[in-house]
Amino acid sequence: MDSTPYSCVCGQLVLTITPSLQLLPVRQTVQKNEPKSYVIPRNHPACSFKLEAKKDRTPILIKRQSEASADTDDSAPASSTELWWLLRCPRCKLPVGYDLDEENMKFNYILDGSLTAFTVDRSKTINKAD
Ligand SMILES: [Zn+2]
């Protein structure tokens, strides 16, 4: 399977994923100013990814309106607030995504616009064991 690499605006490789973000579900936004985010299922046979981001130790509080319809996040009841543990680029510390639940993570969320897909010149790929 071909995986798509994504880098932060600073050039740091942050995410490598199959399939590409464009094929993943988009989280339903409930507020006008809420950023669009892609939903990465952590335990899905068709999705494999490597996320190299630093997670904040303390979450931020995000205000959301109650949701009438079902969300991709089925674990969260309708509520007006939720906690985001921001995932940051390891180099420039810019937020690239977030986790919702520290204990029982089913999904990672990637903020739209924070990462850029780039094409890799396979001939120059270095096999690095990590
Ligand atoms: Zn960065």
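First things first, this report covers the structure right here in the doc. Keep in mind that what you see is a predicted model, and the values were worked out from it rather than measured.

## Concerning the overall build of the chain
- When helices and strands are counted, the chain shows zero helices and 10 strands.
- A total of 130 residues make up the chain; the buried ones form 19% of that total.
- Contacts in the chain between residues far apart in sequence, at least 24 positions, make up 56% of those at least 6 positions apart.

## Describing the pairing of strand S2 (residues 13-18)
- Here strand S1 (residues 4-8) pairs with S2 via four bridges, running antiparallel. Pairing of Pro-5 across the sheet is with Thr-16, part of S2.
- Here S1 folds back onto S2 in antiparallel fashion, the turn holding four residues, of which Gly-11 has a positive phi close to 100 degrees.
- By the bridge criterion, four bridges tie S2 to strand S4 (residues 48-51) in an arrangement that is antiparallel. Directly across from Thr-18, in S4, lies its bridge partner Ser-48.

## Thoughts on unusual backbone geometry
- Cis geometry marks the peptide bond from Thr-18 to Pro-19, where omega comes out at -5 degrees.
- Take Pro-19: it is sitting in the loop between S2 and strand S3 (37-41).
- Positive phi values are uncommon outside glycine, yet Lys-93 reaches one of about 70 degrees.
- Tracing the backbone through its elements, the reader meets Lys-93 in the loop between strand S7 (81-88) and strand S8 (95-99).

## A look at the nonpolar core
- Counting residues in each nonpolar core, the largest one holds 19 residues, and the members touching the most others are Val-14, Leu-15, Ile-40, Val-96, Ile-110 and Leu-115.
- Among the elements of the structure, S1, S2, S3, S8 and strand S9 (107-111) are those that each provide at least two residues to this core.
- Excluding anything up to four places from it in sequence, Leu-15 contacts Tyr-6, Phe-49, Leu-51, Ile-110 and Leu-115.

## Regarding the environment of Ser-3
- Relative to the elements of secondary structure, Ser-3 occurs in the segment before S1.
- Setting aside anything within four residues of it in sequence, one finds Ser-3 in contact with Thr-16, Ile-17 and Thr-18.

## Re the sheet that holds S1
- Pairing is antiparallel across the open sheet formed by four strands, whose spatial order is S4-S2-S1-S10. Every other strand in the sheet has two partners, leaving S4 and strand S10 (115-117) as the edge strands with one partner each. Averaged over all pairs of adjacent strands, the angle between strand axes in this sheet comes to 25 degrees, irrespective of strand direction.

Cut-offs used in this document
Residues numbered from 1 in each chain as written. Predicted model: local features only at pLDDT ≥ 70, side-chain atom pairs only at ≥ 80, totals over all residues. Helix = DSSP H or I, 4+ residues; strand = E, 2+ residues; numbered from the N terminus. Buried ≥ 20, exposed ≤ 12 C-beta atoms within 10 Å, placed from the backbone. Contact = placed C-beta atoms within 7 Å. Pairing = 2+ DSSP bridges. Core = buried A, V, L, I, M, F, W, Y, C linked by C-beta atoms within 7 Å. Axes fitted to C-alpha atoms, helices over the stretch in contact; angles between N-to-C directions.

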